[in-house]
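# Structural overview
Chain by chain, the residues run as shown.
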Amino acid sequence: MRRWLPGLLLLSPSIAAIAIFVYGMLGWNLQVAMTDRHDEISEGRFVGLTNFVQLWDQPRWHISVEHAVVFTLVFVGGALLLGWLLAFLMERGIRGEGTFRAIYLFPMAISFVATGIVWRWLMNAGTGERAVGLNALLDGLGLGFLQWQWFRDPDWGMAAMAIPAVWQMSGYVMALFLAGFRGVPDELREAARVDGASEWKVYRHIVLPLLRPVTLSALIILGHISLKVFDLIVAVAGTQVVTDVPAVFMWVAVFDSHDPAKGATIAAYIVLSVTVFVVPYLIWSVRRERRES
């Protein structure tokens, strides 16, 4: 007891807080989702998985899921690619590395709400004389034919919505990859060069395989953020259907339509989608630690 009791007493407030405000709230949300409480007055009766099935009959739910998939693909792919490229440039030893690293990481200090407010102006859909932000810049450069509706575009609006998220998170991904690059032993690189490997082959066969854990970690973090994104989209476009995602649909269901059961059902689906990303990563991490120990 002398070994484990002090640590348990120290951690008990955190354990209690997590049990109540995380898992307790998740359980309460699931309980509401399995009732017919479609207004704020009735207590609701248990209906099992009826709400989970009926939600797929609503066209707006299908739209929000499709938008979430598009946002996730563009955001995760763009942040990984841009973050890797920035880390590669840093790793090659450019001058003023500390300054550039601070500049790339600066967006992380800004909330998604502030980012959304700025990018709402940058991605204004006005064209011609009404153009501001990026459209005005394109017009000034003589590239007016590239002016776009951005997030108001009905087909590719969600791809444009991912641009502010890529801008904000690519610096964080850059830091992860840069730490991975710096963690590759120089002896391995030198041994490959001595064996006649070109610089491309050194990265292809030595460096990149060793960066797989970093890539997986970045993928899990970005995927988790994208699946529950809310504040950025609301700050940029509000609660429009053209930029609807499950989290925004949940907000509309609870606070505009006053339907707690539907909102709780959508929230349960969001938790489930995040779990699909996180749980396999946790299993992989535990198995890796056991192999290394």
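Residues numbered from 1 in each chain as written. Predicted model: local features only at pLDDT ≥ 70, side-chain atom pairs only at ≥ 80, totals over all residues. Heavy atoms only, no water.

## Some words on helix α9 (residues 199-210)
For α9, spanning twelve residues, the distance from its first C-alpha to its last is 16 Å, which sits close to the expected 16 Å at 1.5 Å a residue. Considered for burial, the residues of α9 that qualify are Val-202, Tyr-203 and Val-207. Burial along α9 is one-sided: seen end-on, the buried residues are contained in an arc of 90°. Tucked into the core, α9 has its buried residues touching α3 (59-91), α7 (157-182) and α8 (186-194). (Helix = DSSP H or I, 4+ residues; strand = E, 2+ residues; numbered from the N terminus. Expected span 1.5 Å × (residues − 1). Buried < 20%, exposed > 50% of the residue type's maximum accessible area, 1.4 Å probe, protein only. Arc of directions from axis to C-beta. Contact = heavy atoms within 4.5 Å.)

## So, the layout of surface pockets
Of the volumes computed, that of the largest pocket is approximately 230 Å³. Broken down by element, the lining of the largest pocket gets its largest block of residues, five residues, from α3. (1 Å grid on protein atoms, 1.4 Å probe; cavity = no way out; pocket = protein on both sides within 12 Å on 5 of 7 lines; lining within 4 Å. Points joined across faces, edges and corners; volume = space filled by probe spheres on them.)

## Some remarks on the pattern of salt bridges
According to the stated counting rule, one finds five salt bridges in the structure shown. Note that Asp-36 and Arg-45 form a salt bridge whose closest N and O atoms lie 2.9 Å from each other. One salt bridge connects Arg-60 with Asp-244, and the closest N-O pair in it is separated by 2.5 Å. On the criterion of sequence distance, the pair formed by Arg-60 in helix α3 and Asp-244 in the loop between α11 (231-237) and α12 (246-256) is long-range, its members being 184 residues apart. Among the ionic contacts, a cluster of salt bridges with common partners joins Glu-190, Arg-193 and Glu-199. (Salt bridge = Lys/Arg side-chain N within 4 Å of Asp/Glu carboxyl O.)

## Section: the packing of aromatic side chains
In the structure shown here, the tally under the stated rule is 15 aromatic pairs. Ring plane angle 65° and centroid distance 5.5 Å describe the contact between Phe-52 and Tyr-269, whose orientation is recorded as edge-to-face. Taken together, the positions of Phe-52 in helix α2 (residues 50-54) and Tyr-269 in helix α13 (residues 260-292) put the pair 217 residues apart, joining distant regions of the chain. Of the residues examined, Tyr-269 reaches a relative accessible area of 18% and is grouped as buried. Arranged with centres 6.2 Å apart and planes meeting at 55°, the rings of Trp-119 and Trp-167 form a pair that is tilted. In this pair, Trp-119 sits in helix α5 (residues 112-122) while Trp-167 sits in helix α7, placing the two residues 48 residues apart along the sequence. Following the ring pairs from residue to residue traces out a cluster consisting of Phe-52, Trp-56, Trp-61, Phe-249 and Tyr-269. (Phe/Tyr/Trp six-rings, centres within 6.5 Å; stacked < 30°, edge-to-face > 60°.)

## Here we look at a nonpolar patch on the surface
Nonpolar side chains collect at one region of the surface, where Ile-18, Ile-20, Phe-21, Val-22, Tyr-23, Met-25, Leu-26, Trp-28 and Val-271 lie side by side and expose about 920 Å² of accessible area between them. Residue contributions to the nonpolar patch peak at eight residues, all from helix α1 (residues 5-33). Classification of Ile-20 by relative accessible area gives partly exposed; the value is 48%. (Patch = residues over 30% accessible without salt bridge, like charges linked within 9 Å, V, L, I, M, F, W, Y side chains within 5 Å. Areas by Shrake-Rupley, 256 points an atom, 1.4 Å probe, with all protein chains shown as cover.)

## Side note on the confidence of the model for the chain
Overall, the predicted model of the chain reaches an average pLDDT of 87, with 100% of residues at or above 70. Element-level mean pLDDT values for the chain span from 82 in helix α4 (residues 97-105) up to 93 in α2. (pLDDT = per-residue confidence, 0-100.)

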